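# Per-entry structural report
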Amino acid sequence: MSAGLATSTRSIEREIWGLLERVPDPEIPVLNIVDLGIVRGVHADPAGQVEVQITPTYSACPATEVIRASVRQALDRGGFHEAIVREALSPAWTSDWITDRGREKLRQFGIAPPEKGVGNVRQLFSTRPVACPRCNSTTTERISEFGSTPCKAHYRCQACLEPFDHFKCL
Amino acid sequence: MTAAAHFDYLLRLGDTSLILGQRLAEWVGHAPALEEDLGLANVSLDLLGQARLLLTYAGEIEGKGRTEDDLAYLRDGPEFRNLALVEQPNGDFGRTIVRQCLLDGFQLELYGALSGSADTRLAEIAAKALKETRYHFRYSAGWLVRLGDGTDESHRRVQRALDELWRYTDELFTADAVDKEMASQGIAPVLADLRPKWSRQMDDVLAQATLKRPADASFKWHGKRGEHTEPLGYLLAEMQFLQRTYPGARW
């Protein structure tokens, strides 16, 4: 392969990453799917074939089908009509893949971002303190392990008394 | 024989998630509090997602062109391979939590082991499901402790549910020819190996919940061989009604 070809496939890949950064998560629209860490790979080969690999956050996340359709649309708009969108389960998505930019967006939106590093499975009842996204107090309590979407838990701040969502560590 | 056992094994996993997911969905709109309504619905949704992945794969292994929907909606009771524990009726919230905790603790060990399966596709599904199961277990164990160590009334109710449901746990660890063949190929773990860890985990939760562990009892239901208890029929009647009455109906 010539150096020129390698450069052009790389620039195509960069262009596609740019397109994907404009695809919002349907349930948390402040986040795009790249920030969310569900785009696992973009590959362009010298023959012009493009493949985008995405992974679901949860096995049954209802947003997955919407996301796949939005990715398809974004690729079509960018002129990549023949691009293949593939879904891969492995390696399984982890909230550690949410970018730092994504975490900051979540906080500003009022959702406490997940802590980095997935906790011990068998550690049943001790969880690290979650900071309130509004007043930053760590005097918070978990109301429910499950919230409005599969990826969130329901918390309340005991300092400012506001309820908030916490993006779960997975 | 091997493909048939493989198919059967995947049905056991998929049906167990599907039937428990359906049971939990019966709570939607009826749970004691909004938070628990959401919690049970979330667990149900995870289980349904796992069932979809497993039944789709089972259909491919069978090779007769059956889809996840064909398998979920167009089989009769004796063709279902779920554990008898998960088809047991919800009862009150406490009974639902007891059933969930017994099964979550099992799935935690099972999916942990299956994450290293020689069947890479199954290993991928299991690795995904394992992460979700951790939350299910935290939820059900957390509630079991609160209810067991709660009021006299809540303690009495969950102890009774535990006494009634414990007899179904023996099936979780009793291997038959299909389980043994899968284990010999490295596709599935040896079920008996999972038992000590599950047992310790349950002892730990039950101790915190101030509940008494019932004596092990022999069982006569073999859900994973298609020998079910009566409640499964009623569950299927509701779950399958639409596809049975309007075959091929779509959203």
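No experiment lies behind these values; they were computed from the predicted model shown.

The rules behind the values
Residues numbered from 1 in each chain as written. Chains lettered and ligands numbered in written order. Predicted model: local features only at pLDDT ≥ 70, side-chain atom pairs only at ≥ 80, totals over all residues. Helix = DSSP H or I, 4+ residues; strand = E, 2+ residues; numbered from the N terminus. Rg over C-alpha atoms; globule rule 2.2 N^0.38 Å. Buried ≥ 20, exposed ≤ 12 C-beta atoms within 10 Å, placed from the backbone. Contact = placed C-beta atoms within 7 Å. Domains from an automatic or database assignment. Nonpolar A, V, L, I, M, F, W, Y, C, P; charged D, E, K, R; others polar. Pairing = 2+ DSSP bridges. Axes fitted to C-alpha atoms, helices over the stretch in contact; angles between N-to-C directions. Parallel < 35°, antiparallel > 145°, perpendicular 65-115°, else oblique. pLDDT = per-residue confidence, 0-100. Core = buried A, V, L, I, M, F, W, Y, C linked by C-beta atoms within 7 Å. Left-handed = near helix turned anticlockwise from the far one by under 90°. Expected span 1.5 Å × (residues − 1). Bend = angle between axes of the 7 residues up to and from the residue.

Another point: the overall build of chain B. Helix and strand counts for chain B stand at 11 helices and 0 strands. Of the regular secondary structure in chain B, the N- to C-terminal order runs α-α-α-α-α-α-α-α-α-α-α. The C-alpha atoms of chain B give 17 Å as radius of gyration, which agrees with the globular expectation for 251 residues (18 Å, within 12%). In terms of its C-alpha atoms, chain B occupies a principal-axis envelope of roughly 55 × 45 × 30 Å. Across the 251 residues of chain B, 47% fall into the buried class. Looking at chain B alone, contacts between residues at least 24 apart form 74% of all its contacts between residues at least 6 apart.

Bringing the domain arrangement of chain A into the picture now. Partitioning chain A into structural domains gives domain 1 (3-93) and domain 2 (97-167). Among the residues making up the side of domain 1 of chain A that touches domain 2 of chain A, the classes are represented as 8 nonpolar, 2 polar and 2 charged.

Residue and element names in this part refer to chain B. For glutamate 124, the location among the structural elements is in helix H6 (residues 120-148). C-beta crowding within 10 Å serves as the criterion here: with 20 such atoms nearby, glutamate 124 is assigned to the buried category. Between the alpha carbons of glutamate 124 and leucine 114 there is a distance of 8.8 Å; along the sequence they are 10 residues apart.

Next up on the list: the sheet that holds strand S6 (residues 152-157) of chain A. Residues and elements named next belong to chain A. One open sheet accounts for 4 strands, arranged S4-S7-S6-S5; its pairing is mixed. Across the chains shown, the open sheet's two edge strands, defined by having one partner strand only, are strand S4 (111-112) and strand S5 (140-144). In this sheet, strand S7 (residues 163-167) lies alongside S4 in parallel orientation, the contact comprising 2 bridges. Paired with isoleucine 111 across the strands is aspartate 165, a residue of S7.

Residues and elements named next belong to chain B. The N-to-C vectors of H6 and helix H7 (residues 152-165) enclose an angle of 125 degrees; their axes lie 7 Å apart at closest approach. Relative to H7, the element H6 is oriented oblique. Residues Leu144, Leu147 and Gly148 of H6 form the contact with H7, whose own contacting residues are Ser154, His155 and Val158. For the contact of H6 with H7, the residue count by class is 3 nonpolar, 3 polar and no charged.

With the exception of glycine, the majority of residues adopt a negative phi angle, and the majority of peptide bonds are in the trans configuration. Residue and element names in this part refer to chain A. Across the junction of serine 90 and proline 91, the peptide omega takes the value -5 degrees, indicating a cis bond. Within the secondary structure layout, proline 91 lies in the loop between strand S3 (84-87) and helix H3 (100-109). Phi at asparagine 136 is positive, roughly 70 degrees, even though this residue is not glycine. Turning to its location among the elements, asparagine 136 is positioned in the loop between S4 and S5.

The partner chain B presents 24 residues to the 18 residues of chain A that form the contact. Looking at the side of chain A that touches chain B residue by residue, the class counts come to 11 nonpolar, 5 polar and 2 charged.

Across chain A, pLDDT averages 86, with 90% of residues at or above 70. Mean pLDDT across the secondary structure elements of chain A bottoms out at helix H1 (residues 3-20) of chain A, with 84, and peaks at strand S2 (residues 50-54) of chain A, with 94.

For the rest of this paragraph, the subject is the sheet that holds S3(A). Adjacent strands of a sheet form backbone hydrogen bonds with each other and so pair up, either parallel or antiparallel. Residue and element names in this part refer to chain A. Sheet architecture is open: 3 strands sit in the order S1-S2-S3, paired in mixed fashion. Looking at which strands have only one partner, the edges of the open sheet turn out to be strand S1 (39-44) and S3. Each adjacent strand pair in this sheet contributes to an overall mean axis angle of 15 degrees, direction not counted. With 5 bridges connecting them, S1 and S2 associate as antiparallel partners. Residue glycine 41 lies in a different strand from S2, and its bridge partner there is glutamine 53. Across the sheet, helix H2 (residues 63-77) touches S2 and S3, and the angle it forms with S2 is around 155 degrees.

Now for the nonpolar core. Core analysis: the biggest nonpolar cluster contains 108 residues, and Leu54(B) and Leu144(B) have the highest contact counts within it. Among the elements that make up this core, the one with the highest residue count is H6(B) (13 residues). When residues of this core are assigned to domains, at least three fall in each of domain 1 (3-93) and domain 2 (97-167) of chain A. Apart from the residues within four sequence positions on either side, Leu144(B) is in contact with Ile97(B), Val98(B), Cys101(B), Val158(B), Val205(B) and Ala209(B).

Right, let's talk about the confidence of the model for chain B for a bit. When pLDDT is averaged along chain B, the result is 96, and 100% of the positions lie at 70 or above. Among the scores for the predicted complex, ipTM is 0.78 and pTM is 0.89.

A word on the packing of helix H5 (residues 93-114) of chain B against H7(B). Residues and elements named next belong to chain B. For the pair H5 and H7, interaxial distance at closest approach is 8 Å and the crossing angle is 50 degrees. With respect to their mutual orientation, H5 and H7 come out oblique. Crossing of H5 over H7 shows right-handed handedness. Residues Gly94, Arg95, Ile97, Val98, Arg99 and Leu102 of H5 lie in contact with H7, whose contacting residues are Ser154, Arg157, Val158, Ala161, Leu162 and Leu165.

Residue and element names in this part refer to chain B. Its 15 residues place the ends of helix H11 (residues 231-245) 21 Å apart at the C-alpha level, agreeing with the 21 Å of an ideal helix rising 1.5 Å per residue. Along H11, the largest kink reaches about 50 degrees and is centred on methionine 239. Leu232, Leu235 and Leu236 are the residues of H11 that are buried. Where the residues of H11 are buried, they touch helix H1 (2-25) and helix H4 (84-87).

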